[in-house]
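In case you want the letters, here they are:
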Amino acid sequence: MTRELRVVDGGDPHVVFEALREALAGGPAIFPHPGAAEDVPNRVPVRVAVVVETSGSTGRPKRVALGADALLASAAASESALGGRGTWLLALPAHYIAGINVLVRALAAETDPVMVPPGRFDPFAFAVAADSLPPRTPEAPHRFTSLVPSQLSRLIAVDELLDSLRDFDRILVGGQAMPQQLLARSLELGLNVTRTYGSSETSGGCVYDGSPLTGVTVAITDGQVELGGPTLADGYLDDPERTDAAFFERDGIRWYRTGDLGEYEGGVVRVTGRVDDLIKSGGVTVSLAKVERVVRAIPGLGEALVVAAPSGRWGSVPVVVSPVAADLEQVRSAVATALGTPSRPERIVVVAEIPLLASGKPDRAALAVLVGERA
């Protein structure tokens, strides 16, 4: 059985919210998209309620097919972890899973979300929207929002916005690894921050501060994080090859291979990098994620990123990209001490600002091209 699939304007969160309400109630499935979407089928399997296109931050975008059951299971588990119902402030694009999640949670809580005007993120517009949240009620006694690290960083840089941030019972931060300096500063300022981990394939964040949400299962196979549970997507739309590569069954449980490297000890998930961010440099395996963590711990380099660049001598080498200049020898020394000589960055590329995707994630593909051009 199938049902209609409608492309809706992902740039208008109000349109997405109403279309999502219909889709979750059994109406036409939706594909929120910010522009013209090509090669979109008119119908999808009846189980599919929402199709989400991934950001493509590490490669070709995928169209993730999500069922209403998965999205609502995610909302229920999140509500339980957050301590009950609340009103949500949407500050993320409504065509990505993190933004869709905010809208689903509002629908599940039977509250109306407040929406920051779409477009380039403006900290002051966020504060105006936050101040317009309705009063707390016994039915919805909490206030929540969801951000990416770059948004949180810009917000805490403005002292007069801190009271608006402190009024949230919980600020979910995900989409990418949160720099330790940013986390420490947020907690120091009295913000109720929770780091989330997940992806479009898991209906968004399904691990909060390292702890899996209710119903979520975790396994580590050959160093790779695998996630299971009721929040998993059906697969990739019209892409059985990718679906079979990422989703599988083991011992009667359906799993998703995340592509992330990590550890799971004492009930806590710790992501250490990506399978595809391991490079060979001079015949030695180097983790770009580990190099990036060391670099970001250096004062002033909290927003730096590390990407791979080709090298005629070593094959591939790590390169630091930063909006702030830094002493290369100091960086190389810190990395060598922590990870060994082969992990030392070859150079530092200074940019006016880190390019971002619409989702708020760094555009690592663009950075890799930039680094190659400046070689």
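Quick caveat, the model's predicted, so the values are computed rather than measured.

1. Points about the side chain of S186
Moving on, step 1. You can see S186 is positioned in helix 7 (residues 180–188).
Moving on, step 2. Of the polar contacts made by the side chain of S186, one reaches the backbone oxygen of L182; its length is 2.8 Å.

2. Some thoughts on empty space enclosed by the protein
Sizing a probe to match a water molecule and rolling it over the atoms shows the empty space that remains.
Moving on, step 1. Evaluation of the coordinates by the stated rule reveals one cavity of 30 Å³ or more.
Moving on, step 2. Each pocket or cavity is described by its volume, and for the largest cavity that value is around 60 Å³.
Moving on, step 3. Forming the walls of the largest cavity are A75, S78, E79, L82, G84, R85, G86, W88, R105, A108, A109 and F144.
Moving on, step 4. Those elements giving two or more residues to the lining of the largest cavity turn out to be helix 2 (68–82), strand 6 (86–90) and helix 3 (97–109).
Moving on, step 5. Tallying contributions element by element places helix 2 first for the lining of the largest cavity, with four residues.
Moving on, step 6. Each residue belonging to the lining of the largest cavity can be placed in one class, and the counts come to six nonpolar, three polar and three charged.

3. Side note on unusual backbone geometry
Moving on, step 1. One non-glycine residue, E110, lies in positive phi territory at about 60°.
Moving on, step 2. Mapped onto the fold, E110 is located in the loop between helix 3 and strand 7 (114–115).
Moving on, step 3. Positive phi outside glycine occurs at D251, with the angle close to 55°.
Moving on, step 4. The residue D251 is located in the loop between strand 16 (247–250) and strand 17 (253–265) in this model.
Moving on, step 5. D251 gets classed as exposed once you look at its relative accessible area, which sits at 76%.

Calculation rules
Residues numbered from 1 in each chain as written. Predicted model: local features only at pLDDT ≥ 70, side-chain atom pairs only at ≥ 80, totals over all residues. Heavy atoms only, no water. Helix = DSSP H or I, 4+ residues; strand = E, 2+ residues; numbered from the N terminus. Polar contact = N/O pair within 3.5 Å; in protein donor to acceptor, adjacent residues only side chain to side chain. 1 Å grid on protein atoms, 1.4 Å probe; cavity = no way out; pocket = protein on both sides within 12 Å on 5 of 7 lines; lining within 4 Å. Points joined across faces, edges and corners; volume = space filled by probe spheres on them. Nonpolar A, V, L, I, M, F, W, Y, C, P; charged D, E, K, R; others polar. Buried < 20%, exposed > 50% of the residue type's maximum accessible area, 1.4 Å probe, protein only.

None of this, on its own, says anything about what the molecule does.
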